[in-house]
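# Commentary on secondary and tertiary structure
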Amino acid sequence: MKRDDASNRHVTVPLAREELELLMGCIGGSPIPAFVIDRHHRLIYWNRALEELSKISADEVIGTNQHWRAFYSSRRPCLADLLVEGAVTDIPQWYGKKYIKSPLIADAYEATDFFPELGEKGRWLRFTAALLRDPRGPVLGAVETLEDITERKAAEEALLKAHEELEARVRERTAELGRTNEILQRTTDQLSLLLESLPIVSYTRNASGGYEMTFVSHSVTEITGYHPRNFTGHHDFWQEQLHPDDRHRVLKFLRETREEGTHHCQYRFRAADQTYRWFSDFWRLVRMPDAPAPYFVGIW
């Protein structure tokens, strides 16, 4: 019996090594920047995409605990370090309110932050760290993947800034008798052109009741296969396409949105071909002085 147990152990070791090599191969060839640390915080993998993003070669950092150099000007823990250390309660100390527990992966956390040390003007990154465990339970290390969302953030800021500028312009012009309607129409046309030109889906919706959409840009057709009329012509259309496992959470989040500022939620949405797509939904609660109720302005 002992001989059989020993034999089984010899069989499983090569398989585990092959699986590890396959995993490393997938990470290395991925266009998504990623690194892996062991349980002692030593860097054991640094893929090519991360070399290009950070301008630091794998040879410089493999075997060290200096992965922080890619993101910070002085030594501090990365998200993966906090998970390996079991210091989940310390995450707010380093990331404030810019993180969430991953809804998809156990022992994983996601965060979004600006890194001034990356590139000439800094980069916005969305990053996810997850623990790597031995099948028997002990922590082996952690993997952290990073997504460069700088262009997306720039588009969001441009849209929100354009909307704020529109509000300010409307308030200024309404005092000018005889020109109010003309100016409002012109700025509305300009904003509509801007919204339709951006490579994102923009929308407005009621901030109460059934959260009916009052405007959806035509780019929604390219992403979902639905015409904007599907969203604005049927009050429950958007809700009905939400994944059943996400619907309660998303609607609860909308009901709780009562503060100004940008809010963010992720969920699965059923496209016209009946497949589900992951949406990152950003919105802001807007209160116009002459409007009877606030409304949401957002982008997907």
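About the thresholds
- Residues numbered from 1 in each chain as written.
- Predicted model: local features only at pLDDT ≥ 70, side-chain atom pairs only at ≥ 80, totals over all residues.
- Heavy atoms only, no water.
- Helix = DSSP H or I, 4+ residues; strand = E, 2+ residues; numbered from the N terminus.
- Expected span 1.5 Å × (residues − 1).
- Buried < 20%, exposed > 50% of the residue type's maximum accessible area, 1.4 Å probe, protein only.
- Patch = residues over 30% accessible without salt bridge, like charges linked within 9 Å, V, L, I, M, F, W, Y side chains within 5 Å.
- Areas by Shrake-Rupley, 256 points an atom, 1.4 Å probe, with all protein chains shown as cover.
- Salt bridge = Lys/Arg side-chain N within 4 Å of Asp/Glu carboxyl O.
- Phe/Tyr/Trp six-rings, centres within 6.5 Å; stacked < 30°, edge-to-face > 60°.
- Lys NZ or Arg CZ within 6 Å of the ring centre and 35° of its normal.
- Arc of directions from axis to C-beta.
- Contact = heavy atoms within 4.5 Å.
- Pairing = 2+ DSSP bridges.
- Axes fitted to C-alpha atoms, helices over the stretch in contact; angles between N-to-C directions.
- Core = buried A, V, L, I, M, F, W, Y, C linked by side-chain atoms within 4.5 Å.

## Notes on helix 6 (residues 150-173)
For helix 6, with 24 residues, the first-to-last C-alpha span of 34 Å sits near the 34 Å given by 1.5 Å per residue. Within the sequence span of helix 6, burial applies to Thr150, Lys153, Ala155, Glu156, Leu159, Leu160, Ala162, His163, Leu166, Glu167 and Val170.

## Details of a nonpolar patch on the surface
A grouping of Leu104, Ile105 and Trp278 is seen on the molecular surface, where their side chains present a nonpolar patch of about 310 Å² in accessible area. Here Leu104 lies in the loop between strand 3 (99-101) and strand 4 (108-115).

## Quick word on the packing of aromatic side chains
By the definition in use, this model includes 23 aromatic pairs. Above the plane of the ring of Tyr72 lies Arg76, whose end atom (NZ or CZ) is 4.0 Å from the centre. Residue placement shows Lys101 over the ring face of Tyr109; its charged tip is 5.8 Å from the ring centre.

## Focus: helix 11 (residues 244-256)
What sets the pattern is the α-helix's 3.6 residues per turn: residues three or four places apart point alike. All buried positions along helix 11 are accounted for by Asp246, Val250, Leu251 and Leu254. Burial along helix 11 is one-sided: seen end-on, the buried residues are contained in an arc of 125°. For helix 11, exposure combined with an orientation more than 90 degrees from the buried face picks out Asp245 and His248. In this fold, the buried residues of helix 11 make contact with helix 10 (237-241), strand 9 (262-270), strand 10 (276-286) and strand 11 (295-299).

## What to know about the sheet that holds strand 10
The antiparallel open sheet is built from 5 strands, whose spatial order is 8-7-11-10-9. In the strand order of this sheet, the two ends are held by strand 8 (213-216) and strand 9, each with one partner. Strand-to-strand twist in this sheet, taken as the mean axis angle between neighbours without regard to direction, amounts to 25°. As paired strands, strand 7 (residues 202-206) and strand 11 are joined by 5 bridges and run antiparallel to one another. The residue bridging Arg205 from the neighbouring strand is Phe296, located in strand 11. Each of strand 7, strand 9, strand 10 and strand 11 touches helix 6; the most contacted strand, strand 10, lies at about 30° to it. Strands strand 9, strand 10 and strand 11 of the sheet are contacted by helix 11, whose axis makes an angle of about 155° with strand 9.

## Details of the pattern of salt bridges
Under the definition given, this model contains 15 salt bridges. Put simply, Asp107 and Arg133 hold a salt bridge, and the shortest N to O gap is 2.9 Å. Of this pair, Asp107 sits in the loop between strand 3 and strand 4 while Arg133 sits in strand 5 (residues 123-133), and the two are 26 residues apart along the sequence. For Asp107, a relative accessible area of 32% puts it in the partly exposed group. The salt bridge partner of Asp148 is Arg123, with a shortest N-O separation of 2.9 Å. On the criterion of sequence distance, the pair formed by Asp148 in strand 6 (residues 139-148) and Arg123 in strand 5 is long-range, its members being 25 residues apart. On the basis of relative accessible area, Asp148 is assigned to the partly exposed category, the value being 34%. One salt-bridge network, in which partners are shared between bridges, spans Glu110, Arg126, Glu147 and Arg152.

## Brief notes about the environment of Tyr95
As for its position among the elements, Tyr95 is in helix 5 (residues 91-95). Take Tyr95: its relative accessible area is 1%, and that puts it in the buried class. A C-alpha to C-alpha distance of 8.7 Å links Tyr95 and Thr112, two positions 17 residues apart in sequence. Apart from the residues within four sequence positions on either side, Tyr95 is in contact with Tyr72, Arg76, Pro77, Cys78, Leu79, Leu82, Asp113 and Phe127.

## Regarding the nonpolar core
Counting 32 residues, the largest nonpolar core has Phe35, Trp46, Phe71, Leu125 and Phe127 as its most contacted members. For this core, the element with the highest residue contribution is helix 4 (residues 79-84), accounting for 5 residues. Residues in contact with Phe71, not counting those within four places in the same chain, are Phe35, Leu50, Cys78, Phe115, Glu117, Leu118, Leu125 and Leu146.

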